[in-house]
Amino acid sequence: MSTQPHSAEQAPQPAAVRAPHGDSVRKPDDDQVADHDHALKWREMLRIALVATAAACVWWHLWEPSLRISPIGLLGLIGGGWPIFKEAVENLLAKRMTMELSMAIAIIAAAAISEFFTALVITLFVLIAEVLEGMTVSRGRRAIRDLLDFLPRAVSVRRGGGVAEVDTEALAVGDAVLVNPGGRIPVDGTVIAGHSFVDQARITGESMPLEKTAGAPVFAGSINQSGALEIRTERIGRDTSYGKIIEAVEQAERSRAPVQRLADRMAGYLVYFALGAAALTYLLTRDIRSTISVVIVAGACGIAAGTPLAILGAIGRAARDGAIIKGGLFLEQLSQVNTVALDKTGTLTYGQPQVRGIIPVGGAEAARLLDTAASAELRSEHPLGKTIVAHARALGRTPTEPERFGYTPGRGINAVLSGELVLVGNQALLRDYGISVPDDLRGRQPEASAVFVARGGQLLGAIVIADTLRPETTSAIEAIRSLGIETVLLTGDAQAVAEVIARDLAISEVAADLLPEDKRRRIKDLVAHGRIVAMVGDGINDAPALIEAQVGVAMGSGTDVARESADVVLLGNDLLKFANALGIARRARGIIRANFVGTIAVDAVGIGLAAFGLLNPLLAAFIHVASELAFSLNSARLLPPRSRTQPMIQTAQARS
């Protein structure tokens, strides 16, 4: 009924208290708050029962000593309608026009003409609607509480030569925390002892459990699957990676989007309109029942309550799916995006060079070509050289130590293997030694780096090295394009490389060889031409462009600078999470628009029917409540599914 549910229906807001050496991720008296909330809901149920009983007594004319006043009806209105009247008075004193005020006027007016049964039924509908609305909003906020409750309340710590069970609020940096198989890791830290596989999908987006041994980093919120781990605590509470995620979601949940402020204003206008229509109805018809019906049937709850519920649901669902939207403003802007600008390295690709092909020539064998190159590059510090050595070892090859090693900057490696001169580098290096490279070998893969290999004065062939597209990139770009959104590739890489990537992904607009300031300027130009731009990147060089775009999106594995500059953070590196967030934002916008249009339509038709005497107060109240619930349920479609915490824990325990 209102833009803010009664306190009886509100779920306790996630809050933090100061703990030693850091912030806790939960409020220590959550249980007391939950019990208090539970008691308030029982009070609401008793209030509803009182009003229903009073309505039944009035209907059956039990104990009505006066024709004008029903003592039972009056008692039911005072006891049951107290929250409505109290909020109406508060809103009146604050000069806020809300539905509680209009409902209070309708109830008092009905009682004034001795329509106690009608007044009680209106009160009953309002109370039931408040409870149902509060339950729906609480379900949205429960998604935030599920994040908080995922971390354990008590942990095992090694202190003073023994192991003690302590509350998480008593943890300190430097503590040695023990986590058993199937347990949840409560801190960010480094493994001191033990060996296990850890599921950290909630934090980094990694789809597969990662092996953890001594010296490996671990994150709060991840699940220890197979073996016991002892972890040195480095960050606790709000300072952990998990705490940062929770903090971002909480801040987003508390934020107000422009459309929500518009909804609040429109809700007030609809109340003014309803009261004005009621006054006009009474002046023209002198029918108090029709006048009351006009006040009752008009409702702005589909807008006032449905809008924040849709925003809350969208932010919660996106968070569950791995995209942290930092506020309602950014959710609204995300729903309007028509252009997505993408960085290449680390966003569309892994950002690590990999061997894409081995091309022998002149009868040389691919194995001999690879062995020769890997042995020559064994001492090299060049990224391409390291890639060749790693690729050979991954295939089970064992490079041999060169007899002599030399490096020419900008050219490549010259080494001696078994008394033969080996050259591994670019075309210029081979040309310096009088070895020619065929044209078809040079231009076979323009998007990649070709490392030419010669031995004993003969060309053995080339090793093609290039960055590799992430497996989900193609599906993500197709999903973005299916929403009617244009894609733009902005990269500091070479033009030839960018064009091949763009062709493979069907990206129509490409800009390459860009410095960070060039990327920012490109985004500024797009915005100046009326585009609503989301920029997706992962590095420090992307930060200026992320800030310039209407929505900055950072990959979760990117730099701290990129994540701080962004409005949306993706857990892990899955671009599909961003495509999914775009879809969720658009669904939220569609639901909010439907609620706006539906509310205005129901009010217009209902007021017209009531003004002409075609709706009595009871039917008007039913239409009001039914439409409110319909719009609230429409918004609730965006709420995330029930907590998946237990299944995740059970799965981890089953694996262990």
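Residues numbered from 1 in each chain as written. Predicted model: local features only at pLDDT ≥ 70, side-chain atom pairs only at ≥ 80, totals over all residues. Heavy atoms only, no water.

### Observations regarding the sheet that holds strand β19 (residues 458-469)
Stage number 1. Reading across from one edge, β14-β19-β18-β17-β16-β15 is the order of the 6 strands in this open sheet, with antiparallel pairing throughout. The open sheet has two free edges, formed respectively by β14 (349-360) and β15 (404-408), since each of these has just one partner strand. The mean angle between the axes of side-by-side strands here comes to 20 degrees, regardless of whether they run parallel or antiparallel.
Stage number 2. Summarising the sheet, strand β18 (residues 449-455) and β19 pair through 7 bridges and their orientation is antiparallel. Across the sheet, the residue bridging to A450 is V464, located in β19.
Stage number 3. Its contacts with the sheet place helix α12 (residues 366-376) against β14, β15, β16 (412-417), β17 (420-425), β18 and β19, and it is angled at close to 80 degrees to β19. (Pairing = 2+ DSSP bridges. Helix = DSSP H or I, 4+ residues; strand = E, 2+ residues; numbered from the N terminus. Axes fitted to C-alpha atoms, helices over the stretch in contact; angles between N-to-C directions. Contact = heavy atoms within 4.5 Å.)

### Notes on the nonpolar core
Stage number 1. Counting residues in each nonpolar core, the largest one holds 46 residues, and the members touching the most others are L334, V340, L348, L575 and F578.
Stage number 2. When residues of this core are assigned to their parent elements, the largest contribution, 11 residues, is made by helix α21 (residues 575-611).
Stage number 3. Excluding anything up to four places from it in sequence, F578 contacts L334, V340, I480, A534, V536, V553 and L570.
Stage number 4. By size, the runner-up hydrophobic cluster in this structure holds 40 residues, among which are A54, C57, V58 and A621. (Core = buried A, V, L, I, M, F, W, Y, C linked by side-chain atoms within 4.5 Å. Buried < 20%, exposed > 50% of the residue type's maximum accessible area, 1.4 Å probe, protein only.)

### Quick word on the packing of aromatic side chains
Stage number 1. Tallied over the entire structure, the rule returns 1 aromatic pair.
Stage number 2. With centroids separated by 5.0 Å and ring planes inclined at 45 degrees, the aromatic side chains of W59 and F117 adopt a geometry described as tilted. Residue W59 is located in helix α1 (residues 30-59), and its partner F117 is located in helix α4 (residues 116-149); the two are separated by 58 residues in the primary sequence.
Stage number 3. For W59, a relative accessible area of 53% gives the class exposed. (Phe/Tyr/Trp six-rings, centres within 6.5 Å; stacked < 30°, edge-to-face > 60°.)

### What to know about the pattern of salt bridges
Stage number 1. According to the stated counting rule, one finds 19 salt bridges in the structure shown.
Stage number 2. A salt bridge links R232 to E234, with the shortest nitrogen-to-oxygen separation between them at 3.7 Å.
Stage number 3. A residue is classified by how much of its surface remains accessible, and E234, at 34% relative accessible area, is partly exposed.
Stage number 4. Overlapping salt bridges, with partners in common, bring together E517, D518, R520, R521 and E548 in one network. (Salt bridge = Lys/Arg side-chain N within 4 Å of Asp/Glu carboxyl O.)

### What to know about the sheet that holds strand β8 (residues 210-212)
Strand pairing in a sheet is mediated by backbone hydrogen bonds. Such pairs are either parallel or antiparallel.
Stage number 1. Reading across from one edge, β8-β7-β10 is the order of the 3 strands in this open sheet, with antiparallel pairing throughout. Unpaired on one side and paired on the other, β8 and β10 (223-224) mark the two borders of the sheet.
Stage number 2. The pairing of strand β7 (residues 196-199) with β10 spans 2 bridges and is antiparallel. Bridge pairing in β10 places V198 opposite N224.

### Section: the packing of helix α16 (residues 473-482) against α21
Stage number 1. One way to put it is that α16 packs onto α21 with a least axis distance of 8 Å and a crossing angle of 15 degrees. When the axis of α16 is compared with that of α21, the two are roughly parallel. For the crossing formed where α16 meets α21, the hand is left-handed. For the pair formed by α16 and α21, the contact residues are S475, A476, I477, A479 and I480 on the first element and L575, L576, F578, A579 and L582 on the second.
Stage number 2. Here the contact of α16 with α21 is composed, by residue class, of 9 nonpolar, 1 polar and no charged. (Parallel < 35°, antiparallel > 145°, perpendicular 65-115°, else oblique. Left-handed = near helix turned anticlockwise from the far one by under 90°. Nonpolar A, V, L, I, M, F, W, Y, C, P; charged D, E, K, R; others polar.)

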